[in-house]
Amino acid sequence: MLRKISGITLACCTLLTACATTPAIAPITVPDNLNVAPGQTLSLEAKATGVQIYQCGEAKTDAGKFVWNFVAPQADLFDQDGKKIGKHYAGPTWESTDGSKVVGAVQAQSKSPDANDIAWLLLSAKSTSGIGVFGMTKSIQRLQTLGGAAPSDGCDQAHLGQETRVPYQAIYRFYSAKS
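Owing to the predicted nature of the structure, the values given are computational and were not obtained by experimental measurement. (Residues numbered from 1 in each chain as written. Predicted model: local features only at pLDDT ≥ 70, side-chain atom pairs only at ≥ 80, totals over all residues. Heavy atoms only, no water.)

Visitor: Can you break down the overall build of the protein residue by residue, with the values?
Guide: For the protein, the helix and strand inventory stands at one helix and eight strands. From first element to last, N terminus to C terminus, the protein shows the α and β order α-β-β-β-β-β-β-β-β. Counting the 179 residues in the protein, one finds 35% classified as buried. In the protein, 61% of the contacts between residues at least 6 apart in sequence involve partners at least 24 apart. (Helix = DSSP H or I, 4+ residues; strand = E, 2+ residues; numbered from the N terminus. Buried < 20%, exposed > 50% of the residue type's maximum accessible area, 1.4 Å probe, protein only. Contact = heavy atoms within 4.5 Å.)

Quick look at the structure:
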């Protein structure tokens with residue numbers, strides 16, 4: 001029995017040592033074209049988990065060719081502790097559980113390091129409402145995307161109008177004016 005306890009103790013000590021020496025997550029290197037304007041400060045960083053919705057349609061530039069066109073995002077937003085704090089949907093809109101909202105407009109984009117991931121973005125606040133966390137937002141960054149890119153195939157005459165939902169994750173950073 002003593003040997004079993006010693007083995008468990010050793011395993012626990014090894015696990016604790018590994019956790020204590022695990023390197024911190026590297027900071028996000030933001031491309032220059034996605035930096036926010038001076039005079040803004042980070043007010044919230046949230047992780048989004050959800051889908052990017054696409055619809056099969058005719059290509060605008062090439063008659064007879066079919067492409068997946070972006071429709072809207074649909075995701076939940078989580079804080080650093082994993083608690084759901086809001087949602088992200090068409091607009092693009094971010095809505096907090098406190099009732100505040102921000103609608104963004106894309107200002108700049110940068111390709112993701114992986115072609116299967118949607119682009120990183122800088123958005124400006126087109127409109128805000130409420131007095132909560134999103135009520136004073138000036139800029140939004142979408143960074144560290146995972147997945148979400150439109151499918152490269154499966155859109156043809158037979159699938160015209162069909163929707164597909166592609167899972168994605170991203171980090172959203174919200175900035176407000178320095179007070």
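Past the structure itself, the notes keep going.
Visitor: Break down the nonpolar core for me, citing the residues and quoting the values.
Guide: Core analysis: the largest hydrophobic core is formed by 24 residues, its most contacted members being Leu77, Trp94, Phe134, Ile140, Tyr168, Tyr172 and Phe174. Among the elements of the structure, strand S1 (40–58), strand S2 (66–78), strand S6 (120–129) and strand S8 (163–177) are those that each provide at least two residues to this core. Sequence-distant contacts of Tyr168, defined by excluding residues within four places in its chain, comprise Ala48, Thr49, Gly50, Val51, Gln52, Pro73, Ala75, His88, Ile118, Leu146, Gly147 and Gly148. One finds Leu34, Ala108, Leu122 and Ile171 within the second-largest nonpolar core, a separate group that totals eight residues. (Core = buried A, V, L, I, M, F, W, Y, C linked by side-chain atoms within 4.5 Å.)

Visitor: Run through the pattern of salt bridges, naming residues and quoting values.
Guide: Pairing between side chains becomes possible if they bear opposite charge and their charged atoms approach one another. Enumeration according to the criterion identifies two salt bridges in this entry. The partner of Glu45 in a salt bridge is Arg173, with the nearest N and O atoms 2.8 Å apart. Placement of the pair is Glu45 in strand S1 and Arg173 in strand S8, with a sequence separation of 128 residues. Taking the shortest distance from any N to any O, the salt bridge between Lys84 and Asp76 comes out at 3.2 Å. (Salt bridge = Lys/Arg side-chain N within 4 Å of Asp/Glu carboxyl O.)

Visitor: I'd love a proper account of the sheet that holds strand S7 (residues 137–147), names of residues and values included.
Guide: In space, the eight strands of this closed barrel follow the order S1-S2-S3-S4-S5-S6-S7-S8, with antiparallel pairing throughout. The average undirected angle you get between the axes of adjacent strands in this sheet is 30 degrees. Relative to S8, S1 runs antiparallel, the two sharing 15 bridges. Following the sheet pairing, Ile53 is matched in S8 by Arg165. (Pairing = 2+ DSSP bridges. Axes fitted to C-alpha atoms, helices over the stretch in contact; angles between N-to-C directions.)

Visitor: With reference to specific residues and values, describe unusual backbone geometry.
Guide: Here Gly91 and Pro92 are connected by a cis peptide whose omega angle stands at -10 degrees. Counting through the fold element by element, Pro92 comes out in the loop between strand S3 (84–89) and strand S4 (93–96).

Visitor: Give a description of the state of the cysteines that names residues and reports values.
Guide: The full count for this structure, using the stated rule, is one disulfide. Through a disulfide, Cys56 is tied to Cys155; the S-S separation comes to 2.0 Å. One disulfide, between Cys56 and Cys155, carries an S-S torsion of 90 degrees and so falls in the right-handed class. Of this pair, Cys56 sits in strand S1 while Cys155 sits in the loop between S7 and S8, placing them 99 residues apart in sequence. Accessibility classification places Cys56 together with Cys155 in one group, the buried group. (Disulfide = S-S within 2.5 Å.)

Visitor: Tell me what's going on with the confidence of the model for the protein, and back it up with residues and numbers.
Guide: Averaged over all residues, the pLDDT of the protein equals 88, while 85% of them reach at least 70. Overall, residues 1–24 carries pLDDT values under 50, and its contacts beyond four positions in sequence, including any with other chains, amount to zero contacts. (pLDDT = per-residue confidence, 0-100.)

Visitor: If you had to explain the packing of aromatic side chains to someone new, which residues and values would you point to?
Guide: One pass over the structure, following the stated rule, counts five aromatic pairs. Taking 5.8 Å as the distance between ring centres and 70 degrees as the angle between the ring planes, the aromatic pair formed by Tyr54 and Phe70 counts as edge-to-face. Linking Tyr54 in strand S1 with Phe70 in strand S2, this pair joins segments that are 16 residues apart in sequence. Seen in terms of ring centroids, Trp94 and Tyr172 are 5.5 Å apart; in terms of plane orientation they differ by 65 degrees. Their pairing is edge-to-face. You can see Trp94 sitting in strand S4 and its partner Tyr172 sitting in strand S8, a full 78 residues away along the chain. (Phe/Tyr/Trp six-rings, centres within 6.5 Å; stacked < 30°, edge-to-face > 60°.)

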